[in-house]
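# Per-entry structural report
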Amino acid sequence: MQRKLLSWPTFPLRTLIASSPHLLLLSRSKRYSRSPPASDPYDPPYSPIHKTLSPNADSVRGTLAPNLIKPSEPFHSDLPFSFRHSYSESDPAVKPIGFREPPRFSPFGPGRLDRRWDGVLALANQELAPIDRSSVIGDPLTEEEVEELIERYRHSDCSRQINLGKDGVTHNLLDDIHNHWKRAEAVRIKCLGAPTLDMDNVCFHLEDKTGGKIIYRKINILLLYRGRHYDPKQRPVIPLMLWKPLAPIYPRLVQNVPDGLTFEETKELRNRGLSSPALMKLTRNGVYVNVVDRIREAFKTSEVVRLDCSHVYTSDCKKIGVKLRDLVPCVPLLFKDGQIIIWRDLQPRLRQVEGFTDGAYSLFQDIYQCYYGVDNDGCYVTWTRQSLRQARGDS
């Protein structure tokens, strides 16, 4: 009885083709179609690949060579300077103490450059001639020509614009500038971040590495002119960096105890800086053109200054501290929780003033165009030029 209840009815097997041959066409997918008859024109299922014309050797060497991943031979560049990742944000005089990646791995790629990469730069051949800027720039522009170029490229909606960020004047940026110069006489450069602390340095490296000329500068906006006799076909070969190399390891920026201070004095200055109101609040990728001048003014009345960089990356804070140390100059005391504490160190600039050594004051001329004095109690005294002449008895 159980076998009869669980038994399934059996049917004879039949093939679909034998029983109904006309259903075979319906079972085919819609994406397949019949082959075109012989009388139809040629209709391939995929778009044919058109063969590109092979450019001549000169154009390949001048324009396409730096972009090739696997060239037939290493690239050769006649640029007389050594290749670095950043020209404006690195100091060749400061040697690294270590590397975060093996120096044998060149960011230009294996076998793509005829210069040896040492972990920081690709050293140039000393026999290369310097760039002849005068022959490319030609005669100076007239006032009417300068005004016309400024009016054409200075606006924010200009299509010939390059953004210069926290890395400053990088190596691949030079290639971008020459690409814009193919179709435009000038290029608009908008500078943001730590490089804006020293715009003179940015302008110098742009002119020195590209051979152009700055014809307009307002706050963080620059116009770089290519020159009257610039020929895009004769542009220099700039091999591109395939990746951004890791920054080497440099000596510590902040010392535990700066020179001329004791541990207790250093701790007291740091606490005083943290408790003092912030002089400025720096934003991420902001414009820091007036930061150096404001710090110099603040140092006339205060010994320690605090900068609020809570919205700035830690790596950018270190770059800002290095630039302030050299530009103000000052001594960075602390980087903590997005706060930069800097100290006015006057001892390295101590210089005796001739004819005024009487008394307990040791006067010296500072970068602020006034004279500072230190009395026996260690207090700072400010002397103007006029008061100093009166004290010395000069007319």
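Now for a look at the structure at hand.

Parameters at a glance
Residues numbered from 1 in each chain as written. Predicted model: local features only at pLDDT ≥ 70, side-chain atom pairs only at ≥ 80, totals over all residues. Heavy atoms only, no water. Helix = DSSP H or I, 4+ residues; strand = E, 2+ residues; numbered from the N terminus. Buried < 20%, exposed > 50% of the residue type's maximum accessible area, 1.4 Å probe, protein only. Areas by Shrake-Rupley, 256 points an atom, 1.4 Å probe, with all protein chains shown as cover. Salt bridge = Lys/Arg side-chain N within 4 Å of Asp/Glu carboxyl O. Patch = residues over 30% accessible without salt bridge, like charges linked within 9 Å, V, L, I, M, F, W, Y side chains within 5 Å. Core = buried A, V, L, I, M, F, W, Y, C linked by side-chain atoms within 4.5 Å. Expected span 1.5 Å × (residues − 1). Contact = heavy atoms within 4.5 Å. Pairing = 2+ DSSP bridges. Right-handed = clockwise from strand over helix to strand, strands pointing away. Axes fitted to C-alpha atoms, helices over the stretch in contact; angles between N-to-C directions. Arc of directions from axis to C-beta. Phe/Tyr/Trp six-rings, centres within 6.5 Å; stacked < 30°, edge-to-face > 60°. Lys NZ or Arg CZ within 6 Å of the ring centre and 35° of its normal.

Here we take up the overall build of the chain. Scanning the chain from N- to C-terminus turns up 11 helices and 13 strands. Burial analysis of the chain (395 residues in total) assigns 39% to the buried set. Accessible area for the chain stands at about 25400 Å²; split by element, carbon and sulfur atoms hold 53% of it.

All chains considered together, the criterion is met by 14 salt bridges. Three or more residues are tied together by salt bridges with common partners; here these are E148, R152 and E185.

Turning to a nonpolar patch on the surface, a few remarks are in order. Where nonpolar side chains cluster on the molecular surface, the patch consists of F105, L242 and W243 and spans about 290 Å² of accessible area. Its place among the elements puts L242 in the loop between β6 (221-225) and α8 (263-275). Residue classification places L242 among the partly exposed residues on the basis of a relative accessible area of 39%.

With that settled, the discussion passes to the nonpolar core. Nonpolar side chains tend toward joint burial in soluble globular proteins. Within the largest apolar cluster, 28 residues are counted, with the highest numbers of intra-cluster contacts made by F83, V169, I177, I189, L206, L222 and L224. Mapped by element, the contributors of at least two residues to this core are β3 (161-164), α6 (171-181), β4 (186-191), α7 (199-210) and β6. Judged by nonpolar contacts, the second largest core, of 21 residues, contains L282, Y288, V291 and I320.

Looking now at α8. Spanning 13 residues, α8 covers 19 Å between terminal C-alpha atoms, matching the ideal 18 Å at 1.5 Å per step. Lining the buried residues of α8 we find β8 (304-308), β9 (331-336) and β10 (339-343).

Following V328, the chain continues into P329 via a peptide bond in cis, with omega recorded as -15°. Within the secondary structure layout, P329 lies in the loop between α10 (314-327) and β9. With a phi close to 55°, I219 is a non-glycine residue in the positive phi region. Its place among the elements puts I219 in the loop between β5 (213-218) and β6. Its identity as a non-glycine residue notwithstanding, N285 has a phi of 55°, on the positive side. Tracing the sequence through the fold places N285 in the loop between β7 (280-281) and α9 (291-298).

Attention shifts here to the pairing of β4. Buried residues dominate β4, accounting for 5 of its 6 residues. Pairing of β3 with β4 involves 4 bridges; the strand directions are parallel. Within β4, the residue paired with I162 across the bridge is I189. For the handedness criterion, the β-α-β arrangement of β3, α6 and β4 is classed as right-handed. In terms of strand pairing, β4 meets β6 through 5 bridges, oriented antiparallel. Bridging from a neighbouring strand, R188 pairs with L223 of β6.

Glancing now at the sheet that holds β6. Read from one edge to the other, the open sheet built from 4 strands follows the order β3-β4-β6-β5, with strand pairing classed as mixed. On the outer flanks of this sheet lie β3 and β5, each paired with one strand and no other. Each strand of the sheet is rotated relative to its neighbour by a mean of 25°, with strand direction disregarded. Docked against the sheet, α6 engages β3, β4 and β6, running at close to 165° with respect to β3. Of the strands in this sheet, β3, β4, β5 and β6 are in contact with α7, which crosses β5 at around 155°.

Our focus in this paragraph is α9. Of the residues making up α9, those classed as buried are V291, V292, I295 and A298. Here the buried residues of α9 occupy an arc of 125° about the axis, which is enough to place them on one side. Looking at the buried residues of α9, the elements they touch are β7, β8, α10 and β10.

A few words now on the packing of aromatic side chains. Evaluated as defined, the whole model comprises 5 aromatic pairs. Geometrically, the ring pair formed by F81 and Y87 is edge-to-face, given 5.5 Å between the ring centres and 85° between the ring planes. Under the relative-accessibility criterion, F81 is labelled buried at 11%. Aromatic side chains F83 and F108 sit 6.0 Å apart centroid to centroid with 45° between the ring planes, which places their arrangement in the tilted category. Of the two residues, F83 is situated in strand β1 (residues 83-84) and F108 in the loop between β1 and β2 (121-122); the sequence distance between them amounts to 25 residues. Take F83: its relative accessible area is 0%, and that puts it in the buried class. In this structure F108 comes out as buried when scored by relative accessible area, which is 0%. Among the aromatic side chains, those forming a connected cluster through ring pairs are F81, F83, Y87, F108 and W117. If you follow R284 out to its NZ or CZ, it ends over the ring of Y313, 4.3 Å from the centre.

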